[in-house]
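Chain by chain, the residues:
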Amino acid sequence: MSRRGAQVTIVGGAVVMAALVVAALGQPVSLLSRPVDTQTFTPLPTLTSLPPSATSSRPTSTSTAMPFDPSPVLVTLVQIVLVLAALVVLVVLAQLVRSLLRRRPHLELHEEPDFAIPLVPTELLEGARDRLRDLETGEPRNAIVAAWLGLETSAAATGLPRLPAETSTEYTERVIGVWPVDSARLGDLAALYREARFSVHDLGESHRDRAITDLRVLIADLEQVASRHAAERGASAAVGEEGP
């Protein structure tokens, strides 16, 4: 449900609840009362042949029924039904608000990052270099597909678990994206693989050149990360040796 739809639902529910409360506190509606029945008997005409003393007339009889007051039990039952309906509306609104709050992104702020970038596996870096050599030979479509499949094998060798809903391509992108590499180049190389794997149109040398450029940038980024980690390890070892 969209945010606007949720707001409309909440406002509508509040209006309905207010109407129910007003109805519960007000007087009983006319449907619960019996209308007044008035029955009038017309007097019989007097006989002109009889003397005035013998004239007899039937008096007009008017029977008026008093308005029927609903039973207190009936009024109580109606009010109970209205109150229960109001409670149902409140429960529905509470669940709706709770579901909206759950959908809000939950952000956690940390004073210091507790995620350490892992070392670049040698298998991944060597595999990327081998894939670059594969890209330079053969038909462009086959070369691109083979290069990416080789990256998938190298990414799986890192041991990073694969998510249940992840495809192999998404998994490879996530693994390589663990390190600070050019995400645009990584995404372009994955897009070239999908195009080469699932399209029917021809792929030419321009596609091969894009794939080679993308992979070279990724290899350079991974090599830079590996070199920095090696330097940090060397500095830590030197500090350890100088210690007492």
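Residues numbered from 1 in each chain as written. Predicted model: local features only at pLDDT ≥ 70, side-chain atom pairs only at ≥ 80, totals over all residues. Heavy atoms only, no water.

(A) Quick look at the environment of Ala156. Mapped onto the secondary structure, Ala156 falls in helix 4 (residues 140-156). Taking relative accessible area as the criterion, Ala156 reaches 45% and is therefore assigned partly exposed. Along the backbone, Ala156 and Ser168 are twelve residues apart, and their C-alpha atoms lie at a distance of 9.2 Å. (Helix = DSSP H or I, 4+ residues; strand = E, 2+ residues; numbered from the N terminus. Buried < 20%, exposed > 50% of the residue type's maximum accessible area, 1.4 Å probe, protein only.)

(B) Main features of the packing of aromatic side chains. In this structure the tally under the stated criterion is one aromatic pair. Considering the side-chain rings of Trp148 and Tyr193, the 5.8 Å spacing of their centres and the 20° angle between planes classify their relative orientation as stacked. Of this pair, Trp148 sits in helix 4 while Tyr193 sits in helix 6 (residues 183-198), and the two are 45 residues apart along the sequence. Exposure remark for Trp148: the relative accessible area of 1% places this residue in the buried category. (Phe/Tyr/Trp six-rings, centres within 6.5 Å; stacked < 30°, edge-to-face > 60°.)

(C) Representation of helix 3 (residues 122-135) within the structure. Taking 1.5 Å of rise per residue, 14 residues should cover 20 Å, and helix 3 covers 20 Å from first to last C-alpha, within 8% of that figure. Taken as a whole, helix 3 has its buried residues at Leu124, Leu125, Gly127, Ala128, Arg131, Leu132 and Leu135. Looking down the long axis of helix 3, one finds its buried residues gathered within 160° of arc, a one-sided arrangement. Turned more than 90 degrees away from the buried face of helix 3 sit Thr122, Glu123 and Arg133, all of them exposed. (Expected span 1.5 Å × (residues − 1). Arc of directions from axis to C-beta.)

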